Amino acid sequence: PNSSYHTDFLLRTGRVVDESKAKYPRYPDMCDEEKRLQTFHNWPNYVRITPKELAAAGLFYAGNDDQVKCFCCGGKLMNWEPSDKAWTEHRKHFPDCFFVLGRNVGNVSHESSG
Ligand SMILES: [Zn+2]
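Cut-offs used in this document
Residue numbers here run from 1 along each chain, matching the order of that chain's written sequence. Under the rules for a predicted model, residues below a pLDDT of 70 receive no local features and side-chain atom pairs below 80 are neither given nor counted, while totals for whole chains, interfaces and linings still include all residues. To obtain the side-chain values, all non-hydrogen atoms of the structure were used and water was disregarded. A pair of strands counts as paired when DSSP detects no fewer than two bridges linking them. Each helix corresponds to a stretch of at least 4 residues labelled H or I by DSSP, and each strand to a stretch of at least 2 residues labelled E; elements are numbered beginning at the N terminus. Note: metal donors comprise N, O and S atoms at 2.8 Å or less from the metal (3.2 Å for Na, K and Ca); water molecules are not included, so apparent gaps in a site are possible. Angle rules define the geometry names used: all angles between 85 and 135 degrees makes four donors tetrahedral, while opposite donors over 155 degrees apart and all other angles between 65 and 115 make four donors square planar and six octahedral, leaving every other case irregular. Centres within 6.5 Å are what make two rings of Phe, Tyr or Trp a pair, Trp counting through its six-membered ring; a difference in plane orientation under 30 degrees is then read as stacked, over 60 as edge-to-face, and the rest as tilted. Remark: exposure states derive from per-residue accessible area (1.4 Å probe, protein chains only) relative to the maximum for the residue type, with buried under 20%, exposed over 50%, and partly exposed in between. Should the NZ of a Lys or the CZ of an Arg lie within 6 Å of a ring centre and within 35 degrees of the ring normal, that charge is described as sitting over the ring.

A. Structural detail: the sheet that holds strand β3 (residues 76–77). Strands sit in the order β1-β2-β3 across an open sheet of three strands; the sheet is antiparallel. For this open sheet the edge positions go to β1 (59–61) and β3, each flanked by a neighbour on one side alone. Here strand β2 (residues 68–70) runs beside β3; their pairing, made up of two bridges, is antiparallel. Within the sheet, the bridge partner assigned to lysine 69 lies in β3 and is lysine 76.

Shown next as C-alpha coordinates:
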(Lines give C-alpha, C1' and ligand atoms only; values in the text may rest on other atoms or scores of the structure.)
Protein backbone atom coordinates (compact mmCIF):
# COMPACT_ATOMS: atom_id res chain seq x y z
CA PRO A 1 0.00 0.00 0.00
CA ASN A 2 1.13 3.51 -0.74
CA SER A 3 0.25 5.81 2.16
CA SER A 4 1.00 9.00 0.26
CA TYR A 5 -1.85 8.38 -2.13
CA HIS A 6 -4.48 9.55 0.33
CA THR A 7 -2.75 12.90 1.02
CA ASP A 8 -2.20 13.40 -2.68
CA PHE A 9 -5.88 12.80 -3.31
CA LEU A 10 -6.90 15.33 -0.66
CA LEU A 11 -4.53 17.92 -2.09
CA ARG A 12 -5.78 17.44 -5.62
CA THR A 13 -9.39 17.70 -4.56
CA GLY A 14 -8.71 20.82 -2.52
CA ARG A 15 -9.82 19.30 0.74
CA VAL A 16 -6.66 20.24 2.62
CA VAL A 17 -7.34 23.66 4.04
CA ASP A 18 -4.86 25.77 5.92
CA GLU A 19 -6.68 26.72 9.09
CA SER A 20 -3.73 28.41 10.74
CA LYS A 21 -5.16 31.81 9.87
CA ALA A 22 -8.48 31.12 11.51
CA LYS A 23 -9.32 33.80 14.04
CA TYR A 24 -11.29 33.05 17.13
CA PRO A 25 -12.97 35.54 19.41
CA ARG A 26 -10.50 37.19 21.78
CA TYR A 27 -13.13 37.25 24.48
CA PRO A 28 -15.27 34.15 23.98
CA ASP A 29 -17.11 34.91 27.23
CA MET A 30 -18.50 38.02 25.58
CA CYS A 31 -19.99 36.26 22.56
CA ASP A 32 -23.40 36.73 24.11
CA GLU A 33 -24.96 40.13 23.36
CA GLU A 34 -26.88 40.02 26.63
CA LYS A 35 -23.63 39.54 28.57
CA ARG A 36 -22.05 42.45 26.77
CA LEU A 37 -25.01 44.62 27.62
CA GLN A 38 -24.59 43.78 31.31
CA THR A 39 -21.04 45.20 31.33
CA PHE A 40 -22.50 48.67 30.71
CA HIS A 41 -24.14 49.01 34.14
CA ASN A 42 -21.53 51.67 34.98
CA TRP A 43 -21.58 53.36 31.55
CA PRO A 44 -21.10 57.15 31.94
CA ASN A 45 -24.29 58.99 31.10
CA TYR A 46 -22.49 61.82 29.28
CA VAL A 47 -21.86 59.43 26.38
CA ARG A 48 -24.59 59.76 23.79
CA ILE A 49 -24.21 56.32 22.25
CA THR A 50 -26.33 53.66 23.90
CA PRO A 51 -25.09 50.41 25.45
CA LYS A 52 -27.67 48.58 23.33
CA GLU A 53 -26.12 49.82 20.11
CA LEU A 54 -22.58 49.09 21.30
CA ALA A 55 -23.45 45.58 22.48
CA ALA A 56 -25.16 44.86 19.16
CA ALA A 57 -21.94 45.89 17.37
CA GLY A 58 -19.95 43.31 19.35
CA LEU A 59 -18.63 45.76 21.94
CA PHE A 60 -18.53 45.54 25.70
CA TYR A 61 -17.52 48.05 28.37
CA ALA A 62 -13.90 47.90 29.52
CA GLY A 63 -14.68 49.83 32.71
CA ASN A 64 -12.68 53.00 31.99
CA ASP A 65 -14.23 56.27 30.78
CA ASP A 66 -16.05 55.47 27.53
CA GLN A 67 -13.65 52.76 26.41
CA VAL A 68 -15.19 49.65 24.88
CA LYS A 69 -13.68 46.47 23.44
CA CYS A 70 -14.74 44.07 20.72
CA PHE A 71 -15.30 40.48 21.87
CA CYS A 72 -14.01 39.24 18.52
CA CYS A 73 -10.96 41.30 17.43
CA GLY A 74 -10.22 42.74 20.88
CA GLY A 75 -10.04 46.21 19.35
CA LYS A 76 -10.57 49.19 21.64
CA LEU A 77 -12.76 52.17 20.84
CA MET A 78 -13.10 55.32 22.91
CA ASN A 79 -13.81 59.06 22.83
CA TRP A 80 -17.23 58.62 21.28
CA GLU A 81 -18.66 61.63 19.48
CA PRO A 82 -22.39 62.32 19.56
CA SER A 83 -22.69 61.55 15.85
CA ASP A 84 -20.77 58.25 16.01
CA LYS A 85 -22.40 54.97 15.10
CA ALA A 86 -21.10 51.83 16.80
CA TRP A 87 -20.98 49.70 13.64
CA THR A 88 -19.45 52.45 11.51
CA GLU A 89 -16.63 53.11 13.97
CA HIS A 90 -15.96 49.41 14.52
CA ARG A 91 -15.73 48.83 10.77
CA LYS A 92 -13.61 51.93 10.20
CA HIS A 93 -10.98 51.13 12.84
CA PHE A 94 -10.97 47.32 12.62
CA PRO A 95 -11.93 46.38 9.06
CA ASP A 96 -10.37 42.91 9.45
CA CYS A 97 -12.52 41.97 12.43
CA PHE A 98 -14.29 38.71 11.63
CA PHE A 99 -17.43 39.92 13.37
CA VAL A 100 -17.43 43.07 11.22
CA LEU A 101 -16.90 40.89 8.16
CA GLY A 102 -20.01 38.93 9.05
CA ARG A 103 -18.26 35.64 9.77
CA ASN A 104 -19.72 33.16 12.18
CA VAL A 105 -17.72 33.89 15.32
CA GLY A 106 -20.28 32.55 17.76
CA ASN A 107 -22.14 35.77 18.40
CA VAL A 108 -25.42 35.32 20.23
CA SER A 109 -27.73 38.09 19.09
CA HIS A 110 -30.72 39.28 21.08
CA GLU A 111 -32.72 41.13 18.51
CA SER A 112 -36.22 41.67 19.76
CA SER A 113 -38.73 39.54 17.94
CA GLY A 114 -41.49 42.04 18.19
ZN1 LIG B 1 -14.09 43.65 16.22
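Text resumes after the structure shown.
B. The arrangement of the coordination of the zinc ion in detail. At this site the zinc ion is bound by Cys70 (SG), Cys73 (SG), His90 (NE2) and Cys97 (SG), with donor distances of 2.1 to 2.4 Å. Coordination at the zinc ion is tetrahedral: its four donor atoms span angles of 100 to 121° at the metal. Coordination of the zinc ion draws on donor residues from a single chain, spaced C-x2-C-x16-H-x6-C in sequence. Taken together, the positions of cysteine 73 in the loop between β2 and β3 and cysteine 97 in the segment after α4 (86–93) put the pair 24 residues apart, joining distant regions of the chain.

C. Region of the structure containing the packing of aromatic side chains. Under the criterion given, the structure shown has six aromatic pairs. Measuring from centroid to centroid gives 5.1 Å for phenylalanine 40 and tryptophan 43, while their planes differ by 80°, and the two rings are edge-to-face. Judged by relative accessible area, which is 11%, tryptophan 43 ranks as buried. Ring geometry for tryptophan 43 and tyrosine 61: centres 5.0 Å apart, planes at 90°, overall edge-to-face. Within this pair, whereas tryptophan 43 is found in the loop between α2 (33–38) and α3 (51–56), its partner tyrosine 61 is found in strand β1, the two being separated by 18 residues in sequence. A single burial state applies to tryptophan 43 and to tyrosine 61, both of which are buried. Lying across the ring of phenylalanine 98, arginine 103 places its NZ or CZ 4.5 Å from the centre.

Purely spatial values, then, with no claim about function.
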